[in-house]
Amino acid sequence: MSREHVLVTGATGVVGRSAMQYYSEKGYRVTAVSRRQPFNTYGTSWHSLDLSDAEACNKLLSPLTDIVQIVFAALHEEADLQKGWQDKKQIDRNQIMLYNTIEAVAPHAKTLRNVTILQGPKAYGVHVHPIRHGSREDRDEDRSIANFYWTQEDYLKARQQGQDWSWNVLRPGLVIGMSVGGAMNLYGAIGVYAAVLKERGEPLYYPGEGLAIAQSTDADLIAQACEWVLIEPKAKNQCYNFDNGELASLKEHWDVFAKALDMETGEEKPFDFVQGLSGFGEAWETIRRKHDLRSPDIDAFLGQSGQFSNFVLARASRAPTTMSCVKIRRDGFMGTVYTDEMIRKWFKAYQQERLLPAVVA
């Protein structure tokens, strides 16, 4: 078992939580940081840290002189999620967070071999306009759209010049995993929506108006890819798209969601997650008490995930847009997962962590 030291930022987010657990269970020593405390640290050394505070970053991170990889999964989002994606304030905040982390670690950790950052389909402008089907790395990026991706990526590449460590940019599709307080947690929002319907004795209505076909990427698969770029020579200084290995429809898998949550599948019934969830507060409190859940109130649990769920479902009636994942497969990363397996796995995990009501066998 490896005892190499990995730094994971954004430990309470969907990606950061999976990375923290994955590296810890693989035997790495893990230092994990985030502003809020994770509901489970998986045996890692966790610290509360505001990455926008350079002094605090230097104080905590500079003494960690044996770090071999930085998995930068930290993310700042504005209150208005979609508007914030092109906002200079959001761009600058995410840039300084990466800068403070690397400048606190890189000059002191002579063992550093890799820094990995996360992007996604917004690199191709999916949040603004239709993108080319099979969008490829280094061919189809839309840098005309303001995006913190570009300031982070350009800084990272420039900072790495002449260094012994490598950089990587990973671009997963629709990220699916588990978190508390994450800004883009689709399954968390669906889980709360389902719990309230179930408490009312209603079936699990499909909340969209179309198939919602997307390339999803399991957060555990992202954690595996982070380790792969650390150890695979071909992966040095590369940007990679990657997904679960298949296109899948939210609507066509809705019966799997219902079974995972021990519910009957309902009819199509459009639901505004922002407005709808705002009225679920009292019902959610009743559910929390009834099932002795560890999850907090709706706002603290889901963050801006209601907004994100609306964004995903608003695209449900449009033709799917896809990224090419040929490059990472050719270079040797073969991790895949079936969508139905992913759905069952994550809702079981939420239930086991007592973040959602347990299903009675």
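Calculation notes
Residues numbered from 1 in each chain as written. Predicted model: local features only at pLDDT ≥ 70, side-chain atom pairs only at ≥ 80, totals over all residues. Heavy atoms only, no water. Salt bridge = Lys/Arg side-chain N within 4 Å of Asp/Glu carboxyl O. Helix = DSSP H or I, 4+ residues; strand = E, 2+ residues; numbered from the N terminus. Buried < 20%, exposed > 50% of the residue type's maximum accessible area, 1.4 Å probe, protein only. Pairing = 2+ DSSP bridges. Axes fitted to C-alpha atoms, helices over the stretch in contact; angles between N-to-C directions. Contact = heavy atoms within 4.5 Å. Right-handed = clockwise from strand over helix to strand, strands pointing away. Expected span 1.5 Å × (residues − 1). Polar contact = N/O pair within 3.5 Å; in protein donor to acceptor, adjacent residues only side chain to side chain. UniProt positions renumbered as here; feature names shortened; annotations may be inferred. Phe/Tyr/Trp six-rings, centres within 6.5 Å; stacked < 30°, edge-to-face > 60°. Lys NZ or Arg CZ within 6 Å of the ring centre and 35° of its normal. Patch = residues over 30% accessible without salt bridge, like charges linked within 9 Å, V, L, I, M, F, W, Y side chains within 5 Å. Areas by Shrake-Rupley, 256 points an atom, 1.4 Å probe, with all protein chains shown as cover.

Enquirer: Could you clarify how one ought to interpret the pattern of salt bridges in this entry?
Expert: Charged atoms that come close allow side chains of opposite charge to pair. Taken as a whole and judged by the stated rule, the model has 26 salt bridges. One salt bridge connects Asp140 with Arg132, and the closest N-O pair in it is separated by 3.9 Å. Lys345 is the salt-bridge partner of Asp218, the closest N and O atoms lying 2.8 Å from each other. Separated by 127 residues along the polypeptide, Asp218 in strand 9 (residues 213-218) and Lys345 in helix 14 (residues 339-352) bring together distant segments of the chain. Judged by its relative accessible area of 1%, Asp218 falls in the buried class. Linked by salt bridges that have partners in common, Glu141, Arg143, Glu153, Asp154, Lys157 and Arg171 make up one network.

Enquirer: How should the pairing of strand 4 (residues 67-72) be read in this particular structure?
Expert: As a general feature of sheets, a regular strand has side chains that alternate between the two faces. Within strand 4, six of the six residues are buried, which leaves the element mostly enclosed by the surrounding structure. Summarising the sheet, strand 1 (residues 5-9) and strand 4 pair through five bridges and their orientation is parallel. The residue bridging His5 from the neighbouring strand is Ile67, located in strand 4. Pairing of strand 4 with strand 5 (residues 114-118) involves four bridges; the strand directions are parallel. Bridge pairing in strand 5 places Val71 opposite Thr116.

Enquirer: Would you explain the sheet that holds strand 1 in this entry?
Expert: Within a sheet, neighbouring strands are paired by backbone hydrogen bonds and run either parallel or antiparallel to one another. One open sheet holds the seven strands; their spatial order is 3-2-1-4-5-6-10, and the pairing between them is parallel. In the strand order of this sheet, the two ends are held by strand 3 (45-48) and strand 10 (238-242), each with one partner. Between one strand and the next, the sheet's axes are offset by a mean angle of 15°, whatever the strand orientation. Contacts from helix 4 (residues 88-105) reach strand 1, strand 4 and strand 5, with the element oriented near 175° to strand 4. Helix-sheet contacts for helix 5 (residues 148-160) involve strand 4, strand 5 and strand 6 (166-172), and the interaxial angle to strand 6 is about 155°.

Enquirer: I would appreciate a short explanation of the pairing of strand 1 in the present structure.
Expert: Summarising burial for strand 1: five of the five residues are buried, a large majority. One crossover worth recording links strand 1 to the parallel strand 2 (residues 29-34) by way of helix 1 (residues 14-25), and it is right-handed.

Enquirer: I'm lost on helix 4 in this one. Help?
Expert: In an α-helix, one full turn covers 3.6 residues, which means residues spaced three or four apart are oriented alike. Counted at 1.5 Å a residue, the expected span for helix 4 with its 18 residues is 26 Å, and the 26 Å between its end C-alpha atoms agrees. Gln90, Ile91, Asn94, Gln95, Met97, Leu98, Asn100, Thr101, Ile102, Ala104 and Val105 are the residues of helix 4 that are buried. Contacts from the buried residues of helix 4 go to strand 1, helix 2 (54-61), strand 4, helix 3 (81-84), strand 5 and helix 5. Between the side-chain oxygen at the start of helix 4 and the backbone nitrogen of Lys89 there is a gap of 2.8 Å, and the oxygen is on Asp87.

Enquirer: Looking at this structure, I do not really get the UniProt feature "domain: NAD-dependent epimerase/dehydratase" (unreviewed entry) in the protein. What am I missing?
Expert: In the numbering used here, UniProt assigns the "domain: NAD-dependent epimerase/dehydratase" (unreviewed entry) feature to residues 6-237. Between the C-alpha atoms that bound residues 6-237 the distance is 18 Å, and the span itself is 35% helix and 19% strand.

Enquirer: What's the story with the packing of aromatic side chains in this structure? I'm lost.
Expert: For the structure shown, the criterion picks out 21 aromatic pairs. On the basis of an interplanar angle of 5° and a centroid distance of 5.1 Å, the ring pair of Tyr187 and Phe347 is categorised as stacked. With a gap of 160 residues between them, Tyr187 in helix 6 (residues 186-199) and Phe347 in helix 14 connect regions that are remote in the sequence. Residues Tyr187 and Phe347 agree in their burial class; the two are buried. Among the aromatic residues, ring-to-ring pairing joins Tyr187, Tyr206, Trp254, Phe257, Phe347 and Tyr350 into one connected group. Here the guanidinium or amino end of Lys269 rests over the ring plane of Tyr205, the centre of that ring lying 4.3 Å away. The cationic tip of Lys327 hangs over the ring face of Tyr240; the distance from NZ or CZ to the ring centre is 5.3 Å.

Enquirer: I tried to follow a nonpolar patch on the surface on my own but got confused; where do I start?
Expert: On the surface, Leu211, Ile213 and Leu247 cluster together to form a nonpolar patch covering roughly 220 Å² of accessible area. Looking at where Leu247 falls in the secondary structure, it is placed in strand 11 (residues 247-249). Exposure remark for Leu247: the relative accessible area of 43% places this residue in the partly exposed category.

Enquirer: Even after reading the chapter, I still don't get helix 7 (residues 219-231), so can you show me in this structure?
Expert: Between its first and last C-alpha, helix 7 extends 19 Å over 13 residues, near the 18 Å set by a 1.5 Å rise per residue. With ten of its 13 residues buried, helix 7 lies for the most part within the structure. Listed in full, the buried residues belonging to helix 7 are Ala219, Leu221, Ile222, Ala223, Ala225, Cys226, Glu227, Trp228, Val229 and Leu230. Its side-chain oxygen placed 2.7 Å from the backbone nitrogen of Asp220, Asp218 serves as the N-cap of helix 7.

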